[in-house]
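# Summary of the model geometry
Here are the chains, one letter per residue:
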Amino acid sequence: MEFVSLTDLADGCARLTGDPGQPALAVVDLSTTDWSSPVVATAAATLAERSIVTLGWSSVALPPTSAAVLDALTLTLAPNGPGRSWVSVTDAVDDIAATVAAAPGAAITLASLLPATSRADVYDGLQLESLAYSTLLAGPEFAAWRAATPVAVVPPDDEPVLLDRIDDDLAITFNRPHRHNAFSRSLRDALIEGLEVARLDRSIRSVVLSGAGPSFCSGGDLDEFGTAHDPVAAHMTRLGRSAGWLIHQLRGRITVHLHGACIGAGIELPSFAGQVVASSDTWVQLPELRMGLVPGAGGTVSVNHRIGRWRTAYLALSGRRLDAAAAQEWGLVDVVR
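First, a word on what this report is: a plain description of the structure on this page. (Residues numbered from 1 in each chain as written. Predicted model: local features only at pLDDT ≥ 70, side-chain atom pairs only at ≥ 80, totals over all residues. Heavy atoms only, no water.)

### Describing the side chain of S58
Our working definition: For helices the rule is a DSSP run of H or I covering at least 4 residues; for strands it is a run of E covering at least 2, with both sets numbered from the N terminus onward. Exposure classes here rest on a 1.4 Å probe applied to the protein chains alone. A residue is buried below 20% of its type maximum, exposed above 50%, and partly exposed in between. Any pair of nitrogen or oxygen atoms within 3.5 Å is treated as a polar contact; in protein, a donor-acceptor pairing is required on top of that, and neighbouring residues in sequence qualify only through side-chain atoms on both sides. By definition, residues are in contact when any of their heavy atoms lie within 4.5 Å.
With respect to the helices and strands, the residue S58 is situated in the loop between strand 3 (53-57) and helix 3 (67-72). With relative accessibility at 0%, the residue S58 sits in the buried group. Within the structure, S58 has its side chain in polar contact with the backbone oxygen of V60 (distance 2.7 Å). If sequence neighbours within four positions are ignored, S58 has contacts with L30, S31, L77, A78, P79 and T90.

Dropping the structure here:
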């Protein structure tokens, strides 16, 4: 793996466009940078126009004067730094490089998408995410993952979601414990029905969303991935049947209780809620890039708006788990009990 410096970037010696056959990742060594040099501003301007994944790395804490460079990078690994554009997991370079090497198209798409969805409102952000996701569904990286991952028959669900109203309170419970509440079409549709009840009935004061069994939600049901053969129709369905958009609309009345595994949709959807409460055994993960995809349940919007695009990029590009304490520290959950 080759490192470049800010001087290399300022001099135009590093290629930052995602042309076919060119590297999809540039790792920028920030450890020995002279942050008072005029090179810094030139390099920051160059990074702002990049289309590939740009990973900053430093073995030392970064000063406030590094903020413009860190803002322009996809993410930075450093012991400390200004704002929230850095992550103190300095040993994740190899994991990120492996993800980018395995799915360069998806990684570049993510790097371009996150800045856009960070600036967009929720509905526009969901449209941008869905367009990117649908494009990748039709691409070779997802096709390779799907071909290597056998599809099993998804067992039918009698009640994928349970609804229980007591007075002015509505409880919505994911009820596929045998599949760790994997987010299937049947679960999505039943969840949307429950959320619509709350949206249309203003007498419902509060909604509590939780999951039965050992996990809140293990993400999209992998045996259903790629079964829609028309990416345009899939895009229209994703927008028209968006649980994340409904949770956002109900954010002032909805609390989500997390426990166990919260993977993909299992953290992307809760992040739209006004209040997220996590048990101490909660862990979150965004593994979609390993499948040649970006998060597709709204996470490039919801997680992004909660913790910033740089830490969202870290979760997606590293594929690493985040425990409940770190999720609370970052603002991904509000309370740990």
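### Description of the nonpolar core
In plain terms, the rule: The nonpolar core is taken to be a set of buried Ala, Val, Leu, Ile, Met, Phe, Trp, Tyr and Cys residues, with the residues joined through side-chain atoms within 4.5 Å.
Counting residues in hydrophobic clusters, the biggest one holds 103 residues, and the most contacted among them are L191 and L317. For this core, the element with the highest residue contribution is helix 5 (residues 104-119), accounting for seven residues. Beyond its immediate sequence surroundings of up to four residues, L317 is in contact with V53, T74, L75, D95, I96, T99, V100, A107, L110 and L289.

### Details of the side chain of S215
Considering the arrangement of structural elements, one finds S215 in the loop between strand 8 (206-211) and helix 9 (231-240). A distance of 2.7 Å separates the side chain of S215 from the side chain of H180, its partner in a polar contact. Beyond its immediate stretch of four places on either side in the chain, S215 contacts H180, N181, H259, G260 and A261.

### Observations regarding the sheet that holds strand 2 (residues 25-29)
So the rule is basically this: Two strands make a pair as long as DSSP finds a minimum of two bridges between them.
Reading across the sheet, the five strands line up as 1-2-3-4-5 and stay open at both edges, with parallel pairing between neighbours. The sheet is open, and its two edges are formed by strand 1 (3-4) and strand 5 (86-87), each paired on a single side. Two elements, strand 4 (residues 75-77) and strand 5, share two bridges in a ladder whose sense is parallel. Counted as the bridge partner of L77 is V87 from strand 5.

### Quick notes on the pattern of salt bridges
If charged atoms from side chains of opposite charge come close, those side chains can pair. Note the cut-off: Note on definitions: salt bridges are taken to be side-chain nitrogens of Lys or Arg within 4 Å of carboxyl oxygens of Asp or Glu.
By the definition in use, this model includes 13 salt bridges. Residue R179 pairs with D221 through a salt bridge whose shortest N-O separation is 2.7 Å. Of this pair, R179 sits in the loop between strand 7 (169-174) and helix 8 (185-200) while D221 sits in the loop between strand 8 and helix 9, and the two are 42 residues apart along the sequence. The exposure class of D221 is buried, given its relative accessible area of 2%. Taken together, the salt bridges that share partners define one network made up of D157, R176, R179, D221 and D223.

### Quick look at the packing of helix 4 (residues 93-102) against helix 13 (residues 309-318)
When two helices pack together, their arrangement is given by the angle between the helix axes and by the axis-to-axis distance. Going by this rule: Think of each axis as a best-fit line through the C-alpha atoms, taken over the contacting stretch in the case of a helix, with angles from 0 to 180 degrees between the N-to-C directions. Here the angle decides the label: under 35 degrees means roughly parallel, over 145 means roughly antiparallel, 65 to 115 means roughly perpendicular, and every other value means oblique. Residues are grouped as follows: Ala, Val, Leu, Ile, Met, Phe, Trp, Tyr, Cys and Pro are nonpolar; Asp, Glu, Lys and Arg are charged; every other residue, Gly included, is polar.
Look at helix 4 against helix 13: their axes get within 8 Å of each other, and the N-to-C directions meet at 70°. Compared by their axis directions, helix 4 and helix 13 come out roughly perpendicular. For the pair helix 4 and helix 13, the contacting residues are D95, I96, T99 and V100 in the first and A316, L317 and S318 in the second. Here the contact of helix 4 with helix 13 is composed, by residue class, of four nonpolar, two polar and one charged.

### Comments concerning the packing of aromatic side chains
The description of an aromatic ring pair uses the distance of the two centres, along with the angle that the planes make with each other. Put simply, the test is: In this analysis, rings of Phe, Tyr and Trp, with Trp reduced to its six-membered ring, are considered paired at centre separations within 6.5 Å, and the interplanar angle assigns stacked below 30 degrees, edge-to-face beyond 60, and tilted for intermediate values. When the NZ atom of lysine or the CZ atom of arginine is within 6 Å of a ring's centre and also within 35 degrees of its normal, the charge is said to sit over that ring.
For the coordinates displayed, the defined rule picks out six aromatic pairs. Summarising the aromatic geometry, the rings of F3 and W57 are spaced 6.1 Å apart at their centres and angled 80° between planes, so their arrangement reads as edge-to-face. Of the two residues, F3 sits in strand 1 while W57 sits in strand 3, which places them 54 residues apart along the sequence. By relative accessible area, which is 36% here, F3 ends up partly exposed. Between Y314 and W330, the ring centres sit 6.1 Å apart and the planes meet at 70°, which makes this aromatic pair edge-to-face. Taken together, the positions of Y314 in helix 13 and W330 in helix 14 (residues 324-330) put the pair 16 residues apart, joining distant regions of the chain. The exposure class of Y314 is buried, given its relative accessible area of 3%. Taken together, the ring pairs in this structure connect F174, F183 and F216 into an aromatic cluster. Just above the ring of W86 sits the side chain of R311; from NZ or CZ to the centre is 5.3 Å. Lying across the ring of W283, R321 places its NZ or CZ 3.6 Å from the centre.

### As for the pairing of strand 7
Put simply, the rule is: Throughout, right-handed denotes a crossover for which the path from the first strand over the helix to the second runs clockwise when the strands point away from the viewer.
Sheet topology places strand 6 (residues 161-166) next to strand 7; six bridges connect them, and they run antiparallel. Across the sheet, the residue bridging to R165 is L170, located in strand 7. Between strand 6 and the antiparallel strand that follows it, strand 7, lie two residues; D167 among them carries a positive phi value of about 55°. Taken together, strand 7, helix 8 and strand 8 constitute a β-α-β crossover, and its handedness is right-handed.

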